[in-house]
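These are the residues of each chain, in order.
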2 protein chains.
Amino acid sequence: MATGQTPTSGTTIYSVAERAGVSIASVSRVLQGSTAVSEKTRRRVLEAADELRYVPLAAARSLAVRHHEAHGLVLPELSGPYYSELLMGFESRAAELGQSVVLMLAEGKHDLVRAVRKLATRVDGLAMLGSAAIPEDTVTALHGSKPVVLIAGDPRPDVDSVTSENTGSAAEITSHVLRHGRTQVLFLGDPASGPDVRDRYAGFVAAHESARRVAAEPVRIPLRERDGTAFAERMLAGDLSADALVCANDELALAVMKRLREGGRTVPGDLAIVGWDDVMTARYVEPGLTTVRQPVRELGAIASDRLHQRITGAVVGVEPQVIPTSVVIRSSCGCPPRADPG
Amino acid sequence: MATGQTPTSGTTIYSVAERAGVSIASVSRVLQGSTAVSEKTRRRVLEAADELRYVPLAAARSLAVRHHEAHGLVLPELSGPYYSELLMGFESRAAELGQSVVLMLAEGKHDLVRAVRKLATRVDGLAMLGSAAIPEDTVTALHGSKPVVLIAGDPRPDVDSVTSENTGSAAEITSHVLRHGRTQVLFLGDPASGPDVRDRYAGFVAAHESARRVAAEPVRIPLRERDGTAFAERMLAGDLSADALVCANDELALAVMKRLREGGRTVPGDLAIVGWDDVMTARYVEPGLTTVRQPVRELGAIASDRLHQRITGAVVGVEPQVIPTSVVIRSSCGCPPRADPG
DNA sequence: CTGTTAGCGCTTTCAG
DNA sequence: CTGAAAGCGCTAACAG
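Identification of chain A as LacI family transcriptional regulator from Pedococcus badiiscoriae is taken from an unreviewed UniProt entry.

Below, the structure is given as structure tokens:
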């Protein structure tokens, strides 16, 4: 009742060695594709392993080589394309580097810190999203025992980090909206929710400043669909007024836009709306959503790379790596529709 | 140059024991929250572990307990909400069961079989998507040495499987379209690409039969955006004609619909279009896309559960588990728009 | 309640 | 080219 009917389990390197009539050392050698082994030995070992359906035990190897050959990744959750893309980039680079990836989702964990600690137990290094809400000091502690890289987090002097550019493109997209003659523009998103939103808001403010205008306080709401809908209701009810909305992500922008139009407002007529992320829906809605595209996949790959460098001790500086983004103009900002970019 | 500056590395259970002035057994005991340990000992151990920033080595534990405490998951890739949802369900259940999840994406792997084998090396059991394209015999071999559960794959007599219902809902949605008076309905998707598309097509055929009509041959195209666009071009060029399209997923349906409307066709006027998956965009487009919703998250959770049962030897039958889906009616099928469901 | 002592399965010198 | 043997760090009897 303890191990079930695990079929051919219990086959170890010893069984294989015995069956092949060689020593375990030889088995190990051929299985590692290691140095000079006679063709005869190799053949016999491979055959025996095959017949026995031998599956090595990674734990034993890890213990012996003192390496897990695995990267840990902590994501907040997985809805929307952002984290998926990131994960794809991460996994694929990790695989190229011969590393497994063990994944943990922060959302819904009773004891996040405990979970992260446990994760740290079985990997050679850890990458985590800034938005995963891991306490600062936990990060510090972790980083004290194995390499950590922060993705889209607050750069810290002691920890590696890779992020995509926020402030500049936020300023750019905001300026764009301003140049359309909008005068009451609101920023939707909570700068306190994480460094990326914070930096986007900073760009929003900067754009206003360079236009000699004063930026409104941010509308501090979460970035989910329901929050956008709720916000739109408030606008429709006349609680707030604006002629342009700079949203901290597309999900929010899309939800707001949908509800507003249902309520009779026109976009970009009554309101210009722009988002962030360039999700798939952004180019399917009418009007197409003007937004900012980030090379998320690459971000994931770079994180894995960086982690691997640290693990293997390749010397790397700690300068945070920031990768560029680009503004995608469609028509929700007030520009005329054009052939769809993307 | 080999291990970098891994800070407090090298701390083992021995160092902790020494520092706490107890035996390694005691350390192990308190760290496992095990049986009776004096409060004093516990405190000292915890303190020492903390000071030393002790991070246990999972590999050593695994070796000793002969258990990885990890579930492997093989997904084809991660674009779109389907796999993400699945993964979220899987991860969260696994976490509840105290299992880590090590993830592998099939797409882009040079040597998939090899990669899966390697994965098998470090987990107690494996769940994989039917669409991940793992060769039959590899599955068999794997399953010969540790538990395997197939998700949305072809039920096999020997392997556990969990899938969501396909044929029935395909028949239902097709009948729905037929009842709108459509007479030339096409199925988009390649039944040979996997069991789910195959079963959906079977439902499509069944619906025609029970309406005493003959179902058209499937339009064998992949389920991606670009394929939908290309298909729409063909329709616009007059290569094909139809008054309704049953698409094997939403991505396809959405792309076709978009291109067709750009080309001047109306939906559902000229053509009714329905999809599968109920992705986010489905309710944002105009007209809203009629589609089939699957409880994907639950599917993931069930897979993890099932795997765990098998691993722990809880007796479970091999009857494939199939979980129900539901048709979501919006207006792309020809129904009048209504308050948005969902 | 605590310490001693065998391993867990694999890699890796070190001799031959 | 091959085998013997010494661990890797941790858990789990088994004695005290």
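(A) The protein's contact with DNA strand D, seen in detail. In the region of DNA strand D, 26 residues are neighbours, and Ala36, Thr41 and Arg66 of chain A together with Ile13 and Tyr54 of chain B sit closest. Close to the protein, within 4 Å, the atoms of DNA strand D are drawn from sugar and phosphate at a rate of 66%. Contact between DNA strand D and Arg29 of chain A: a base nitrogen at 2.7 Å from a side-chain N or O atom of the residue. The set of elements that each furnish at least two residues to the surface near DNA strand D consists of helix H2 (24-31) and helix H4 (58-65) of chain A together with helix H1 (13-20), helix H2 (24-31) and helix H4 (58-65) of chain B. Residue contributions to the surface near DNA strand D peak at 4 residues, all from H4 of chain B. Looking at the surface near DNA strand D residue by residue, the class counts come to 16 nonpolar, 7 polar and 3 charged.

(B) Focus on a nonpolar patch on the surface. Together, Leu57 and Leu63 of chain A together with Leu57 and Leu63 of chain B make up an exposed nonpolar region whose accessible area comes to about 270 Å². Following the sequence through the fold, Leu63 of chain B ends up in helix H4.

(C) Inspection of the domain arrangement of chain A at higher detail. Residue and element names in this part refer to chain A. Along its sequence, chain A is organised into domain 1 (13-52), domain 2 (68-164 + 296-325) and domain 3 (167-293). Computed over C-alpha atoms, the centres of domain 2 and domain 3 are 29 Å apart. The interface of domain 2 with domain 3 comprises 9 residues on the first partner and 8 residues on the second. Carbon and sulfur atoms make up 45% of the area that domain 2 and domain 3 hide from each other, which totals about 680 Å².

(D) Representation of the relation of the copies chain A and chain B. Once chain A has been moved 0.1 Å along the axis and rotated by 180°, it coincides with chain B to within an RMSD of 0.1 Å. Taken together, the rotation and translation relating the two chain copies correspond to the operation of a two-fold axis. Mapped onto chain B, 100% of the interface residues of chain A are again interface residues, and the two copies thus contact each other with one and the same surface.

(E) Quick look at the interface of chain A and chain B. Facing the 64 residues of chain A at the interface are 64 residues of chain B. Across the chain A to chain B interface the summed buried area is about 5,300 Å²; carbon plus sulfur atoms make up 57%. The tally of links between chain A and chain B comes to 4 salt bridges. Glu225 of chain B is the partner of Arg283 of chain A in a salt bridge, and the nearest nitrogen-oxygen pair spans 2.8 Å.

(F) Main features of the protein's contact with DNA strand C. Within the structure, DNA strand C sits among 27 residues, and Ile13, Gln32 and Tyr54 of chain A together with Ala36 and Thr41 of chain B are positioned closest to it. Each atom of DNA strand C within 4 Å of the protein belongs either to a base or to sugar and phosphate, the latter forming 64%. Within the backbone of Leu57 of chain A, an N or O atom sits 3.4 Å from a phosphate oxygen of DNA strand C. Residue classes in the surface near DNA strand C are distributed as 17 nonpolar, 7 polar and 3 charged.

(G) Up close: the pairing of strand S2 (residues 100-105) of chain B. With respect to burial, S2 of chain B is a largely interior element, 6 of its 6 residues being buried. Judged by which residues are buried, S2 of chain B turns out to be covered on both faces: Ser100, Val102 and Met104 of chain B on one side and Val101, Leu103 and Leu105 of chain B on the other are all buried. The pairing of strand S2 (residues 100-105) of chain A with S2 of chain B spans 3 bridges and is antiparallel. When the sheet's bridge partners are listed, Val102 of chain A is paired in S2 of chain B with Val102 of chain B. With 6 bridges connecting them, strand S1 (residues 70-75) of chain B and S2 of chain B associate as parallel partners. Residue pairing in the sheet places His71 of chain B in a bridge with Val101 of chain B of S2 of chain B.

(H) The arrangement of the environment of Ala152 of chain B in detail. Residue and element names in this part refer to chain B. Along the chain, Ala152 falls in the loop between strand S4 (148-151) and strand S5 (160-164). Note on Ala152: relative accessible area 11%, which makes it buried. The spacing of Ala152 and Gly194 is 42 residues in sequence and 9.0 Å in space, taken between C-alpha atoms. In contact with Ala152, not counting residues within four places along its chain, are Tyr82, Leu129, Gly130, Val162, Thr163 and Pro195.

(I) Structural context of helix H5 (residues 81-96) of chain A. Residue and element names in this part refer to chain A. Its 16 residues place the ends of H5 23 Å apart at the C-alpha level, agreeing with the 22 Å of an ideal helix rising 1.5 Å per residue. When H5 is considered as a whole, its buried residues turn out to be Tyr82, Tyr83, Ser84, Leu86, Leu87, Met88, Gly89, Phe90, Glu91 and Ala94. Of the residues one or two after H5, Gly98 is the one with positive phi, at around 75°.

(J) Representation of the UniProt feature "domain: HTH lacI-type" (unreviewed entry) in chain A within the structure. What UniProt calls "domain: HTH lacI-type" (unreviewed entry) maps, in this numbering, to residues 11-65 of chain A. When the span residues 11-65 of chain A is considered, its composition is 67% helix and 0% strand, and the gap between its end C-alpha atoms is 21 Å.

(K) Inspection of the sheet that holds strand S7 (residues 244-247) of chain B at higher detail. Residue and element names in this part refer to chain B. Taken in spatial order, the 3 strands make up an open sheet running S6-S7-S8, and their pairing is parallel. Of all strands in the sheet, those bounded by a partner on one side alone are strand S6 (185-188) and strand S8 (272-274). In this sheet, adjacent strand axes meet at a mean angle of 15° when their direction is disregarded. As paired strands, S6 and S7 are joined by 4 bridges and run parallel to one another. Of the residues in S7, the one forming a bridge with Val185 is Ala244. Against the sheet, helix H9 (residues 195-210) contacts S6 and S7, and its axis sits at roughly 170° relative to S6.

(L) Here's a closer look at the packing of helix H1 (residues 13-20) of chain A against H2 of chain A. Residues and elements named next belong to chain A. Interhelical geometry of H1 versus H2 gives an angle of 105° and a closest axis separation of 8 Å. When the interaxial angle is binned, H1 and H2 end up roughly perpendicular. Two secondary-structure elements touch here, H1 through Ile13, Tyr14, Val16 and Ala17 and H2 through Ile24, Val27 and Ser28. The residue makeup of the contact of H1 with H2, split by class, is 6 nonpolar, 1 polar and no charged.

(M) Here's a closer look at the packing of aromatic side chains. One pass over the full model with this rule turns up 8 aromatic pairs over all chains. Taken together, a centroid distance of 5.1 Å and an interplanar angle of 65° make the contact between Phe187 of chain A and Tyr201 of chain A edge-to-face. Note that Phe187 of chain A is positioned in strand S6 (residues 185-188) and Tyr201 of chain A in helix H9 (residues 195-210), a separation of 14 residues in sequence. Here Phe187 of chain A falls in the buried class, since its relative accessible area comes to 1%. Residue classification places Tyr201 of chain A among the buried residues on the basis of a relative accessible area of 13%. On the numbers, 5.7 Å between centres and 20° between planes, the contact of Tyr201 of chain B with Phe204 of chain B is stacked. Of this pair, Tyr201 of chain B and Phe204 of chain B are both found in helix H9, 3 residues apart, which corresponds to roughly one turn of the helix. Each of the two residues, Tyr201 of chain B as well as Phe204 of chain B, counts as buried.

(N) Spotlight on the confidence of the model for chain A. Within chain A, residue pLDDT values average 91, and 96% of them lie at 70 or more. Predicted confidence for residues 1-7 of chain A stays below pLDDT 50, and this span has 12 contacts to residues more than four positions away or in other chains.

Basis of the calculations
Residues numbered from 1 in each chain as written. Chains lettered and ligands numbered in written order. Predicted model: local features only at pLDDT ≥ 70, side-chain atom pairs only at ≥ 80, totals over all residues. Heavy atoms only, no water. Near = heavy atom within 4 Å. Polar contact = N/O pair within 3.5 Å; in protein donor to acceptor, adjacent residues only side chain to side chain. Helix = DSSP H or I, 4+ residues; strand = E, 2+ residues; numbered from the N terminus. Nonpolar A, V, L, I, M, F, W, Y, C, P; charged D, E, K, R; others polar. Patch = residues over 30% accessible without salt bridge, like charges linked within 9 Å, V, L, I, M, F, W, Y side chains within 5 Å. Areas by Shrake-Rupley, 256 points an atom, 1.4 Å probe, with all protein chains shown as cover. Salt bridge = Lys/Arg side-chain N within 4 Å of Asp/Glu carboxyl O. Domains from an automatic or database assignment. Contact = heavy atoms within 4.5 Å. Buried area = accessible area lost by both parts, 1.4 Å probe. Least-squares fit on C-alpha atoms with pLDDT ≥ 70 in both. Buried < 20%, exposed > 50% of the residue type's maximum accessible area, 1.4 Å probe, protein only. Pairing = 2+ DSSP bridges. Expected span 1.5 Å × (residues − 1). UniProt positions renumbered as here; feature names shortened; annotations may be inferred. Axes fitted to C-alpha atoms, helices over the stretch in contact; angles between N-to-C directions. Parallel < 35°, antiparallel > 145°, perpendicular 65-115°, else oblique. Phe/Tyr/Trp six-rings, centres within 6.5 Å; stacked < 30°, edge-to-face > 60°. pLDDT = per-residue confidence, 0-100.

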